[in-house]
Amino acid sequence: MSSVTLKNIYKKYAGGVTAVSDFSLEIEDKEFIILVGPSGCGKSTTLRMIAGLEDISEGDLYIDGKRCNDIPPKERDIAMVFQNYALYPHMTVFDNMAFGLKLRHMPKDEIKRRVNEAARILEIEHLLDRKPAALSGGQRQRVALGRAIVRSPKVFLLDEPLSNLDAKLRAQMRTELTKLHHKLNTTFIYVTHDQTEAMTMGTRIVVMKDGFIQQISAPQNLYEHPNNLFVATFIGSPQMNTIEGTVRDEGGTTYIEFGNSRVALPNEIGRKPEVLAYAGKEIILGVRPENIHDEQAFLDKYPNDLVDADVEVVEPMGNENFLYLVCAGRQFTARVSNRSTAKHGDKIKVVFDPTALHLFDKETEKTIANRL
């Protein structure tokens, strides 16, 4: 077992700065948990408290049911992989991976077996005699992972391990880390500011802001059912479009008005009591780029919900186009078919898919209603 439990964890620094507040999380054995959020949100500090590299100001940390607040890092049976790899430049790959085992006075045959097995899993057997300077960024990252693997820890802690790699290699290493998690069948706790990494790798995601947990959920649920405006706009690339609007209840239909446009909500959303409670009030309307359509089929389906848009930029992406629009004085991004004929300077009509809209309280920014 390699479960990790954090109960009401705080990290307070001298001078009254609180980096992490009331952090509670149950991490099950073999989970791949992602801590994600903008810089300074407390995610790396939380990881370092789990590792024992930062003291816990308040709260309790349990690994496999054992309270670990005061247990030194070396006795926690965890392994941490850092952003900068932290390899010894004068040592070969083999010696870098074996170093921690040698400190534990492990027999040479066992060290060799573990290093070779980790090298096989990571496909770096041909690099064991090289030194870090002769390796690419991706190869160095694999060596850093190998150094953690040979210890057979209960928990792997990874602090933005892909941030120094180029975009293509980062995408490749995301896949490799997911495969590695399946092979090792142990618990991974991974910190990143990149929501693409979070969405593609984690079994659950913890979204943080200003030291507080905003939401904990599976990736797709976060995307479709965010708790608040911050989660909604942080998760997803390009991010969710938002605009202020007013809720109208007319003739048994609920509308959202913004600028000179209005969108009729499906009754399954619009007639909910929590939505009708905002009748006559301003809210924030959210719509994801893929739910803004310029296809004629959508225009014909929702003829009373058309929104005027000025096309500022068109980005052909091969299998799709990104349209950068101005609607009701606000900038919007639409992800549309590559068959779209929209071009710079056009004035077009678009439809915000009414079944895929999100509504947020203007003051608290909490979710009123999510898409169907």
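Report follows, based on the coordinates. Quick caveat: nothing in here was measured; it's all calculated off a predicted structure.

Criteria and cut-off values
Residues numbered from 1 in each chain as written. Predicted model: local features only at pLDDT ≥ 70, side-chain atom pairs only at ≥ 80, totals over all residues. Heavy atoms only, no water. Helix = DSSP H or I, 4+ residues; strand = E, 2+ residues; numbered from the N terminus. Contact = heavy atoms within 4.5 Å. Areas by Shrake-Rupley, 256 points an atom, 1.4 Å probe, with all protein chains shown as cover. Lys, Arg positive; Asp, Glu negative; His and termini not counted. Charge placed at Lys NZ, Arg CZ, Asp CG, Glu CD. Axes fitted to C-alpha atoms, helices over the stretch in contact; angles between N-to-C directions. Parallel < 35°, antiparallel > 145°, perpendicular 65-115°, else oblique. Left-handed = near helix turned anticlockwise from the far one by under 90°. Phe/Tyr/Trp six-rings, centres within 6.5 Å; stacked < 30°, edge-to-face > 60°. Buried < 20%, exposed > 50% of the residue type's maximum accessible area, 1.4 Å probe, protein only. Lys NZ or Arg CZ within 6 Å of the ring centre and 35° of its normal. Pairing = 2+ DSSP bridges.

### Description of the overall build of the chain
Here's step 1: Scanning the chain from N- to C-terminus turns up 11 helices and 21 strands.
Here's step 2: The dimensions of the chain, computed from C-alpha atoms along their principal axes, are 80 × 45 × 35 Å.
Here's step 3: Partitioning the contacts of the chain with sequence separation of at least 6, the portion at a separation of at least 24 is 65%.
Here's step 4: A total accessible area of about 17400 Å² is found for the chain, and carbon and sulfur atoms account for 47% of it.
Here's step 5: Of the side chains in the chain, 47 bear a positive and 50 a negative charge, and the two mean positions are spaced by 7 Å.

### Describing the packing of helix 2 (residues 93–103) against helix 4 (residues 137–149)
Here's step 1: At a minimum axis separation of 8 Å, helix 2 and helix 4 run at an interaxial angle of 30°. Relative to helix 4, the element helix 2 is oriented roughly parallel. As helix 2 packs across helix 4, the resulting crossing turns out to be right-handed. Contact residues: helix 2 offers V93, N96 and M97, while helix 4 offers V143, G146 and R147.

### Overview of the packing of aromatic side chains
Here's step 1: On inspection of all chains with the given rule, the structure shows 8 aromatic pairs.
Here's step 2: Where F32 meets F188, the ring centres are 5.2 Å apart and the plane angle is 45°; that geometry is what we call tilted. Here F32 is found in strand 3 (residues 32–36), whereas its partner F188 is found in strand 8 (residues 187–192), with 156 residues between them in sequence. For the pair shown, F32 and F188 are each scored as buried.
Here's step 3: An angle of 40° between the planes, with centres 5.0 Å apart, marks the rings of F156 and F188 as tilted. A residue pair is termed long-range when its members are at least 10 positions apart, and F156 in strand 7 (residues 155–159) and F188 in strand 8 qualify at 32 residues. Each of the two residues, F156 as well as F188, counts as buried.
Here's step 4: Each member of the aromatic cluster is reached from another via a ring pair, and the members are F32, F156, F188 and Y190.
Here's step 5: Directly above the ring of Y255 sits R262, whose terminal nitrogen or CZ lies 4.0 Å from the centroid.

### Here's the deal with the sheet that holds strand 6 (residues 78–81)
Here's step 1: Taken in spatial order, the 6 strands of this open sheet run 6-7-8-3-9-10, and their pairing is mixed. Bordering the open sheet on either side are strand 6 and strand 10 (212–217), each of which pairs with just one other strand. For this sheet the average axis-to-axis angle between neighbouring strands, irrespective of direction, equals 15°.
Here's step 2: The pairing of strand 3 with strand 9 (residues 204–209) spans 4 bridges and is classified as parallel. Of the residues in strand 9, the one forming a bridge with I33 is R204.

### Looking at the environment of N96
Here's step 1: Note that N96 resides in helix 2.
Here's step 2: In sequence terms N96 and G52 are 44 residues apart; their C-alpha atoms lie 22 Å from each other.
Here's step 3: Contacts of N96, omitting those with residues within four sequence positions, involve L87, Y88, M91, P132, V143 and R147.

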